Amino acid sequence: MDKSKIVDELAAIVGREWVISDADELIVYECDGMTYLDKAVPDVVVLPDTTEQVAAVVKVCDREGLAVVPRGAGTGLSGGALPLKGGVMIGLNRMNRILEIDLPNQRAVVEPGLVNIALTQAVRDHGYFFAPDPASQTASSIGGNVAENAGGPHCLKYGATTMHILGLELVLSSGEIVQVGGKTLDVPGYDLTGLFVGSEGTFGICTKVIVRLVRQPEAVQTLLASFRGIEEASEVVSTIIAAGIIPSALELMDRHIIRALEEWLHIGYHEGAGAVLLIELDGPAAEIAAQARGIEGICRTQGVLDLRNAKDDQERALLWKGRKGAAAAVGRITHEYYLQDGVVPRTKLPYVLREIEAIGRRYDFLIANVFHAGDGNLHPLICFDSRREGELQRAIAAGAEIMKLCLSVGGSITGEHGIGMEKIDFMPLMYSPDDLDAMRKVRNAFDRTQRCNPGKLLPTSKSCVETSVAYRPHRIEREGLAQRY
Amino acid sequence: MTPDLLAARLAGIVGQEHVLAQERCAQYAVDGKAPTAAVFPATVEEISKVMRLASSERLSVVPWGSGTKISFGGIPERVDLLVGLARFNRVIEHEPADLTVTIQGGALLREVQAYLGQRGQFLPLDPPLAARATIGGILATNASGPRRLLYGAARDLLIGLRVVHADGTATRGGAKVVKNVSGYDMPKLYIGSLGTLGIIVEATFRIYPLPAVERTWVASFPDGEGASSAVAEMLAAPIVPSSLELLSSPAAQSVARLAGLSLPQGHVALASSVGSVAEAVDAQLGQIKRISERNGAGGGFLLEGDAQERFRTAISEFMPGERNGRVGAVLKASVVISKVLEAVRRGEEIARAVGLQSFAICEAGSGIVRLHWTNNAGEPGVAVEVMAKAIEALRDSIVREGGNLVVMSAPPALKAAVDVWGPVGKALPLMQELKQQFDPHRILNPGRFVGGI
C-alpha cells in the first residue's frame, strides 16, 4: 500500500491534525495497560469525531485490506488494544459526549470515548449512577468497558457492564452503520448487543452506547473486617454468600497488601491483621441494617480480630482509598508485578488461595492478593524483577499455573480483564475445539474479513496455523504450558 | 426417507418407546402442522445423533419443551421432526453456597423452584404460564415476568449453557462462575433465539436466596394516570420493589376474580411487591402506600403467603382469550418506562375500534406491556384481516416511540396475515449471517424467527 496516499485520504476524512503517522508519535500506541507483551505499533492512528467519520475510515481500511484496531483510553489489561498486525488504529477519545440523559426512563446515550466516571458525575446530583466501576473508571472509556465487558467491585450486586448496556450503534468492518438493541428491553431478534459486549473489538466499532442508569441506594454501610489470615477471611466470604447475603462489594486484601498500604496511606489496619475484608452494603436502610447484623454474627463466630464500621463518608472514602490504592502500593514493595485475573466458585476460595501461595513458593515469588472475593474473582499480583535473568518468563509461567488452577476447580481464565492477546493461548484449556469453533462462527457473522482487531480473543484454528505467516509461538507455548489450536 | 424408515432410524438411536410416529404426533402440531415423528432423547449423545440424522436428511426440527410457548413465532415452513426434551429434566449440579445451579433444558421451572426452595433459594424467573414452562423453553423464548424488575431476565441470570447444534455438535458456552469474560458471551446468543440456532440441553444460572418476607400491595386507582405517576415516583425513590405490575381495568377485574379479591369496577390496579427482611418490607410498603395515596389510590389489599401466590398465579396464567371459547391474540409491547400507559391506552382504542376487548398486564417498571386481545363475550370473532390491520396500527404507533411489538400467540390464520415479529431494521443481515453460520441448511425451526429466519 502507498502509506502516504492513505494518510492523505484519512486526513481528508478527519482533518490533518487528527491523523498520527510519525514513527515517534506512534510509540504512544504500542501497548495498553498490559505491558509485558511484545509491543506493536499501528501504521496510522486516526482520531475521528463522528460516527460518519469512523465509517468512512473503516471503508478505506476495507478497500485497502487493512486491520482496524479500536482503542479507548488504553487501560486494558490483556493487550486488547495491541495493533498486532499494524493497520489503522481508531482512537475514540474525541467521541466523548453525553448525547442524552433520560432519567424517567433510566437511560443515557453516550459516545464510546466518554470516561466511565464522567457519566456518574453527570447524574449523581439527580440521584442516579452508572453501575460498572472498574478500578480504571477515572480513566477508562465506556466504549472500552463495552469491549471488555468490564467489571469492578460493585458488580457483585449490580452485575458486569453487559447488564447495563441496552443498545449500540456499530460500524461494521464494511463501514456500514447498524443500530442494535435500543432504549427498550427485549428488542426482537438475536441479542446482538449482548454478543457485542465483551467482543474486544473483533466485531467492529461501537460509536454510540445506550446505557442503564441505576437509582442510588437509600443507605450505604462500609465495614472492614480483620482476620488472622487469608484462609479465615476467605471462609467468611463463602459463609456470607452461603447465608444469602449479597453485599454490593466484598473485597479481600492479604497481608502483603495491608503492609504496603499501611506504610503508604496509614489506613489504620488492625495490627495483627493477616487479611482484611472490605464489605459494602447498600439498599434500603432497614435491609442493610439486618445484613450488617448477619455479617457481624458470621465474622464473630469465625474469628474476626476487629470489625470496623465506617462512621461517615470520610472514613468510607479512606477505606476505599486503601482498596483502590492496593495495586499501586504493591509497586512500593516490588520492582514490578504481573497482575493476573481468574475466577473460581466462591466455595473454592480457601483451597485456591492456599494453592496460589504454594505456587508462589515453588516459583520463589511473593504473590500478593487483592480481589473481588464476593464473586470469586482473583487478582494475584506476582511480584518479580525483570532485570533479573529469566524472571519475567518465570512470572508468566507462575501466572499460567494459576490459570490452570482456576480451571481445575471449574472456574474461568478471566473475570474482567479479557482475553486480548495475553490469554489467547489459554482459551483451548477452557473450551473444546468445538466450543471455540462456535465462537469463530459468531465472529465470522460479524466480521468475515477478520480485520477487526485481528489476532485477539480467539486462537487461530488448527487448520489456519500453517497458513498464518505471522505465527510465532507464544512464550508459554514454547515452554509447553499451553497448546495452540 | 419414508415415515416408517425415519421412525425406525430414530428408534435405533433412542429406543422404540421414545419415538412417536405420524398420527400419534398430532398433539405436537405447531400452528396446525404436525411432525412426521417425535423423538425423546435422554442424553446429549442421543440428541447429537438425532440432529446428525436430521441434518443429513434435511429434516426440519422443532425443539419442544412443554409447549407452553409453541404458538410464539412465525408459522414454521416445515415441521418434520419434533425433538422433545421431556427426559432432560434433572438438576445436574447445585452448589447452594455458590448460589449457582446447572439444570437440564427440559426441566420444569416449577420443579426446579421446589428443589431450590428446600434450600431457601430460587431462580428468579417467573414467565407467563410458569407452572408448566421448561428451562430451555424459557431461555429460547426469553420469557420473563414481574420480578424481572429486581432480578433481571434470562440474559442477566444465565452464566453458562450447553447446546446441540444443527449438525449434532455439542458445545458449551460461559462457565459455572458468576463472573467470566473468556471469549464471546455465547449464552447471550441462544437466549430468545427460539430454537433456531441450537437445542439448549443444559443451563447454568446464578440464583438468589428467597427473601425472608415478601408482601404485595395491590392498590386500585380510578384512572391510569394516577397509577402511572405513582410508578414514576416509586422508580425515582430509593425503594427497591421486586415487581410493579400495572393492570388495566378489565385485566384488574379478571385477575382479582381469579385471586379472590374484589376491586372497584373501572379501576386500574397497581401491584407492588417487596421482598426483604420484615422491617425493610414494611418500611418500603409504607412508602409505596403513601406514594399511591398521593396519586389518588382508592385503597388496596396487602397480600402475602397463599393469597400473594394466588395473585401471582392469576397473572402468570392470565389467558382471557382462551376462556369461554373466545379467540384472540396475545401481544407484547416493549416501550420506554414512561410510555407504558400510552401503550395501554393505544391498545385499548385500536382494539375497541374493531370490536375487540384489550386486557393489559404491564411490567410497569420495565416497560413491558402484555396485551390480550379478545372478541367480546357472546359476539362473533373479528375477521383476521381486520385484526391484522389493528395489530399493525398499534405496532406503528409503538415503533414510532422507539418501542417494539411482537405477537406472542395467535391463531395460525392471523399469524399468516401479520408479521409476528415486526421490523428488525439493518441488523437483520447480521442475524441472517448468524443463522447461516450455525444452521446453513435451515433445519432448526425454519421460518419461525425474525425476518423469516
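Okay, so let's go over this structure. Remember, it's a predicted structure, so these values are computed and weren't measured experimentally.

## Some thoughts on the interface of chain B and chain A
Residue-level contacts link 72 residues of chain B with 86 residues of chain A. Carbon and sulfur atoms supply 59% of the area buried between chain B and chain A, which totals about 6300 Å² over both sides. Sorting the residues of chain B by area buried against chain A places Lys-179, Val-181 and Tyr-184 of chain B first, and these three jointly supply 15% of that buried surface. When the shortest N-O distance is used, the salt bridge between Arg-155 of chain B and Asp-191 of chain A registers 3.0 Å. On inspection of chain B and its partner chain A, the count reaches 23 residue pairs in polar contact (both at pLDDT 80 or more). When residues of the side of chain B that touches chain A are assigned to their parent elements, the largest contribution, seven residues, is made by helix H15 (residues 428–438) of chain B. Of the residues assigned to the side of chain B that touches chain A, the class counts are 35 nonpolar, 20 polar and 17 charged.

## Some remarks on the environment of Trp-18 of chain A
All names here are of chain A. Looking at the element boundaries, Trp-18 is found in the loop between helix H1 (3–14) and strand E1 (19–20). On the accessibility criterion, Trp-18 (29% relative accessible area) is partly exposed. With 421 residues separating them along the chain, Trp-18 and Met-439 place their C-alpha atoms 35 Å apart. The residues contacting Trp-18, other than those within four sequence positions of it, are Val-45, Val-46, Leu-47 and Arg-94.

## A short note on the sheet that holds strand E10 (residues 205–212) of chain A
All names here are of chain A. Strand order in the open sheet formed by five strands is E5-E6-E10-E8-E9, and the pairing between neighbours is antiparallel. Edge positions in the sheet fall to strand E5 (98–102) and strand E9 (177–181), since each has one partner strand and no second. Pairwise comparison of adjacent strand axes, ignoring direction, gives a mean angle of 10° for this sheet. Inspection of the sheet shows strand E8 (residues 165–171) paired to E10 by six bridges, in the antiparallel sense. The residue of E10 that forms the bridge with Leu-168 is Val-209. Packing against the sheet, helix H4 (residues 116–123) makes contact with E5, strand E6 (107–110) and E10, and its axis sits at approximately 40° to E5.

## With respect to helix H10 (residues 285–301) of chain A
Over its 17 residues, H10 of chain A runs 25 Å from end to end, which matches the ideal 24 Å to within 8%, given 1.5 Å per residue. The complete set of buried residues in H10 of chain A reads Glu-287, Ile-288, Ala-290, Gln-291, Ala-292, Ile-295, Ile-298 and Cys-299 of chain A. Buried-residue contacts for H10 of chain A involve strand E12 (219–227), helix H8 (230–242), strand E14 (275–283) and strand E15 (306–309) of chain A together with strand E14 (268–276) and helix H10 (278–294) of chain B.

## Side note on the pairing of strand E18 (residues 368–375) of chain B
Residues and elements named next belong to chain B. The buried fraction of E18 is high, at eight of eight residues. Neither face of E18 is open: one carries Ile-368, Arg-370, His-372 and Thr-374, the other Val-369, Leu-371, Trp-373 and Asn-375, and all of them are buried. One ladder, built from seven bridges, connects strand E16 (residues 328–334) with E18; its direction is antiparallel. Its bridge partner being in E18, Ala-333 is matched across the sheet by Val-369. Two strands pair when backbone bridges link them, and strand E17 (residues 356–363) and E18 are joined in this way by eight bridges, in the antiparallel orientation. Paired with Glu-363 across the bridge in E18 is Ile-368. In textbook terms, the turn of a hairpin is the stretch between consecutive antiparallel strands, and for E17 and E18 this stretch comprises four residues, one of which, Gly-367, has a positive phi near 80°.

The rules we used
Residues numbered from 1 in each chain as written. Chains lettered and ligands numbered in written order. Predicted model: local features only at pLDDT ≥ 70, side-chain atom pairs only at ≥ 80, totals over all residues. Heavy atoms only, no water. Contact = heavy atoms within 4.5 Å. Buried area = accessible area lost by both parts, 1.4 Å probe. Salt bridge = Lys/Arg side-chain N within 4 Å of Asp/Glu carboxyl O. Polar contact = N/O pair within 3.5 Å; in protein donor to acceptor, adjacent residues only side chain to side chain. Helix = DSSP H or I, 4+ residues; strand = E, 2+ residues; numbered from the N terminus. Nonpolar A, V, L, I, M, F, W, Y, C, P; charged D, E, K, R; others polar. Buried < 20%, exposed > 50% of the residue type's maximum accessible area, 1.4 Å probe, protein only. Pairing = 2+ DSSP bridges. Axes fitted to C-alpha atoms, helices over the stretch in contact; angles between N-to-C directions. Expected span 1.5 Å × (residues − 1).

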